[in-house]
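Descriptive structure summary
Here's the letter readout for the chains.
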Amino acid sequence: MHYTPDIRTFVRIMVLFWLPVFVLFGVTVFFSVYSGEITPLGYVIERQVRNDREYLFARGVIGRETARYKYMGAERASPSILVVGSSRVLELRAEMFGGTGSFYNAGSMVGSVHDLVDFIDTLPVGREPEVVILGIDAWWFDASRFNKRGLREALSKGEEFYNWKAYVYSGRRIISQILKNPAYISDSMIGIDPFDGRRAIGLDALEHGNGFRNDGSRQYAGYLTAMRQDMRYVDREDPPIIERLEEGLDPFSYASEFDDEGLKILAEFLSKSKERGITVIGFAPAFSSEVYEEMMDSYYTEFFSAFQERVPGVFGEYGFAYFDFSDVRSLGLEDVYMFDGFHLTETGTAAMFAQMINTTCEGVFTGCEHMREILDAALKDPLTTPAEVNWQAF
Amino acid sequence: MSFNSPVFFVFLAIAFLVYWRMRRKEQNLFLLFCSYVFYGWWDWRFLSLIIVSSLTDYVVGHKIFRAQSPRRKRYWLLASVLINLSLLGFFKYFNFFIESFQGLLLALGFSDASFTTLSIILPVGISFYTFQTLSYSIELYQGKIRPTRDWVQFFTFVSFFPQLVAGPIERASHLLGQFSEERRFKLAEAYDGVRQILWGLFKKVVIADNLATVVQQAYGNVDTALGPQFFAATFFFAFQIYCDFSGYSDIAIGSAKLFGIKLSRNFNYPYFSRNISEFWRRWHITLSSWFRDYVFIPLGGSRVARKWTYFRNILITFAVSGLWHGANWTFVVWGVLHGLYFIPTILTSRIYGGKPANEDATLRDIPKILATFVLVTLGWVFFRAQSLPESVYILQTIFEQFSLATITIFFSAVFIKKTIIVVGLVLVEWWQRRRAHVLCLESLPVWVRWSVYYAILAGLFFFGNFDYRPFIYFQF
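**Concerning the overall build of chain A**
Tallying secondary structure elements over chain A gives 15 helices and 9 strands in all. Rg of the C-alpha trace for chain A: 23 Å, near the compact-globule value of 21 Å for 394 residues, within the 12% margin. The buried share of chain A, taken over its 394 residues, is 55%. Surface exposure of chain A reaches about 16400 Å², of which carbon and sulfur atoms provide 54%.

In structure tokens form, the structure reads like this:
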């Protein structure tokens, strides 16, 4: 059988009708891939770890796959110093270590104690870091929350690169931007982060200068720009952290209850780390004084006090150091060193790290004196630089 | 494989190109193959069910036809009904009946009544193809059709992929014959099929799935949502379910047209109905007519001596129809409620009251249309809620929490945006209410038509919600 003339006409008309649609869609796919929005994570990590130039990676539209990206990055970089925790540890940067060992910040990779164990179980033997700097969030021990297994879920999902919806959503964003500002085409072709001039991968990095640097640490361009314009403390999260605390919104909860099961899981992680020769330094990241005071005088007090009292003991059992920096004032800093109620700025983080290595450095890191010099210099006049420290100067 | 996934459209295009290079017999075999691939895409294990169902009615059909006495014919029909309803009953209603029985015993004071339920996955589309195969046996029994000797034809009739998982529920007298005839490609039909697919997809992805987010916010947070939120969510749900299901039907009918097969119309602008009777002649038409022909009329229908019997017949039909939708008492109540809506019609003995469905509504009918819409929407609360207490709570909340302080939601950007979508839909449907679907635009110049099509595609691209949401009727 052959196609009748009518069928041929139909197919011709269909091709004619759909061709412009597919061409247009193809163009958006090209931009999506070229801008890095849908670049496979392996490719992004390869470029960042190679470190031949400064890259900044942040997707703007599609599922950000952060946990997966960070796990792949930690595995590929195989650093001697690895930072693990939530987004609250992301301002620890390679520069703070003065090149005294390979470094990778895997902040945002874990969101629960279960994730910690899943991480150590999944990390291939032989690719262990020497030191893990572990930021612990109180809510990991909240009975109503700690069953979260974000990392396992993230690793079990297919990459967004193979998800057709990613192309539609990113194409939609690109066309909308082009319609608003035709110069977007040339900007995206050049692909430079507007904040710091790094090579941008992904639409958030390209449009706003937000993203992960080669060392895995985070550049919060939006926050920094706002701080440079107005050097006052403002809780910039939406909704603000203080509001979340008062209203029992995520990650806080009126039903928060300290669960010993969480401690056992943490102990499992520490034990496995020790077995594999990893030194773990634990710390509780800072809250703004406003949030800290509210935590110590509200429904959350009992839960948070239990967290402060019981977690250090678990680290002690395994001979690991632990620091509680929950109150930003314990670092000798004010709230202006915070982006919001629970994220320290880079300068604040440098101050925190300086305090950390004042007591725990020798025998853990190499080049302690050099690190101290760098941090001291950077923090010489911290009040004038409550935003980014220009590490290039050191 | 769902109609709102790209893989379906690739599948459809390939199937179309291969199909029209074949002869009739090969075409049927190929359609059967495509249908099984389509169905197996969800879970290949359920193919065995559809094969069992097809085989049963193929064999029983011949038995019914050859049976010498009416009694033997009736036995064979009963066998078909029992086998089909047993399959449906087990996969869809087993746990429902166990739990209801357990609840009844507990209510009667048997505190240690405890039965094991099973983890049964509901096979997609089982309610639809079971009813389709049943209609074949019943029509044979009634002598309306003759059995087919070609098993490929029959199996294709049961599993024809465009309408396999959510209808339209076809009668053998309408669809089976089409597989025995030579199919000729008709250009106009094919164009119309593509237009109907496009419009169905728009209704599903742009309208239904965008409204779904607002509906879910209220119905997914029953403890915290306020009265006006439920009010808005129920209003939007009326359009979500309409666009979801009629969108599916449009894609099904449009896809079938590409293969030279005509499926029955399933929706005829139901929200322009002027009374409840008319609504049921415009909403899920193939199911309504199935229940009318195989439940309502055998019960005695409307030609009965007493009004009470007529009312009883209506209530039974709607209750069973409600239960067909899902194994939950909410659906039964929803059905019964629609049955109760018929009381005024029964009392005035206007069985098919109002204007016939094919007579167009006019602007003067708007008060009646609105009244019917309100009644139907009230019923959707039971349809959408998870349990009867939840439905009652939602209705209470809607009526009790309606104050000036709480209606600020109606001024929110989200509400306004969604309302604009709904108003837009109503206006274009009103404008095209005499047509089979909104995109019947043959009278317009080509450039206008193509502009409309491209505008719809742009709408899909910019406003479509592509976070996969299965069609609501898949669960039935």
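Don't stop here, the text continues.
**Points about the pattern of salt bridges**
All names here are of chain B. Scanning the model with the defined rule gives 35 salt bridges over all chains in all. Taking the shortest distance from any N to any O, the salt bridge between K203 and D250 comes out at 2.8 Å. In this pair, K203 is assigned in helix α9 (residues 187-219) and D250 in helix α10 (residues 227-258), connecting sequence segments 47 residues apart.

**Description of the packing of helix α3 (residues 47-66) of chain B against helix α6 (residues 151-159) of chain B**
All names here are of chain B. With their axes 10 Å apart at the nearest point, α3 and α6 run at an angle of 125 degrees to one another. It follows from the interaxial angle that α3 and α6 lie oblique. The interaxial crossing formed by α3 with α6 has right-handed handedness. Side by side, α3 and α6 meet where I50, I51, S54, L55, D57 and Y58 of the first sit next to W151, F154, F155, V158 and S159 of the second.

**Focus on the pairing of strand β8 (residues 279-284) of chain A**
Residues and elements named next belong to chain A. Among the 6 residues that make up β8, 5 are buried, leaving the element largely enclosed by the rest of the structure. Looking at chain direction, strand β4 (residues 131-135) and β8 are connected through 5 bridges and run parallel. Along β8, the bridge assignment pairs L134 with G282. Bridge count for β8 against strand β9 (residues 322-324) is 3 bridges, and the pairing is parallel. Within β9, the position partnered with A284 by the bridge is D324.

**Considering a positive patch on the surface**
A cluster of like positive charges, contributed by K63, R66, R72, R146 and R149 of chain B, occupies part of the molecular surface. Among the structural elements, R66 of chain B can be located in helix α3.

**Quick look at the side chain of S273 of chain B**
All names here are of chain B. As for its placement among the helices and strands, S273 is situated in the loop between α10 and α11 (276-282). There is a polar contact of 3.4 Å between the side chain of S273 and the backbone nitrogen of F279. Once residues within four sequence positions are removed from consideration, S273 is found in contact with E278, F279, R282, K368, I369 and T372.

**What to know about the packing of aromatic side chains**
Under the definition given, this model contains 105 aromatic pairs over all chains. Their ring planes at 65 degrees and their centres at 6.0 Å tell us that F8 of chain B and F38 of chain B sit as a pair that is edge-to-face. Taken together, the residues F8 of chain B in helix α1 (residues 6-19) and F38 of chain B in helix α2 (residues 24-40) connect sequence positions 30 residues apart. Taken as a pair, F8 of chain B and F38 of chain B share a single burial class, namely buried. On the basis of an interplanar angle of 45 degrees and a centroid distance of 5.9 Å, the ring pair of Y58 of chain B and F154 of chain B is categorised as tilted. Taken together, the positions of Y58 of chain B in helix α3 and F154 of chain B in helix α6 put the pair 96 residues apart, joining distant regions of the chain. Since its relative accessible area comes to 15%, Y58 of chain B is described here as buried. The aromatic ring of F212 of chain A is capped on one face by R218 of chain A, whose charged end is 4.9 Å from the ring centroid. Sitting over the ring of W430 of chain B, R433 of chain B keeps its end group 3.9 Å from the ring centre.

How each quantity is defined
- Residues numbered from 1 in each chain as written.
- Chains lettered and ligands numbered in written order.
- Predicted model: local features only at pLDDT ≥ 70, side-chain atom pairs only at ≥ 80, totals over all residues.
- Heavy atoms only, no water.
- Helix = DSSP H or I, 4+ residues; strand = E, 2+ residues; numbered from the N terminus.
- Rg over C-alpha atoms; globule rule 2.2 N^0.38 Å.
- Buried < 20%, exposed > 50% of the residue type's maximum accessible area, 1.4 Å probe, protein only.
- Areas by Shrake-Rupley, 256 points an atom, 1.4 Å probe, with all protein chains shown as cover.
- Salt bridge = Lys/Arg side-chain N within 4 Å of Asp/Glu carboxyl O.
- Axes fitted to C-alpha atoms, helices over the stretch in contact; angles between N-to-C directions.
- Parallel < 35°, antiparallel > 145°, perpendicular 65-115°, else oblique.
- Left-handed = near helix turned anticlockwise from the far one by under 90°.
- Contact = heavy atoms within 4.5 Å.
- Pairing = 2+ DSSP bridges.
- Patch = residues over 30% accessible without salt bridge, like charges linked within 9 Å, V, L, I, M, F, W, Y side chains within 5 Å.
- Lys, Arg positive; Asp, Glu negative; His and termini not counted.
- Charge placed at Lys NZ, Arg CZ, Asp CG, Glu CD.
- Polar contact = N/O pair within 3.5 Å; in protein donor to acceptor, adjacent residues only side chain to side chain.
- Phe/Tyr/Trp six-rings, centres within 6.5 Å; stacked < 30°, edge-to-face > 60°.
- Lys NZ or Arg CZ within 6 Å of the ring centre and 35° of its normal.

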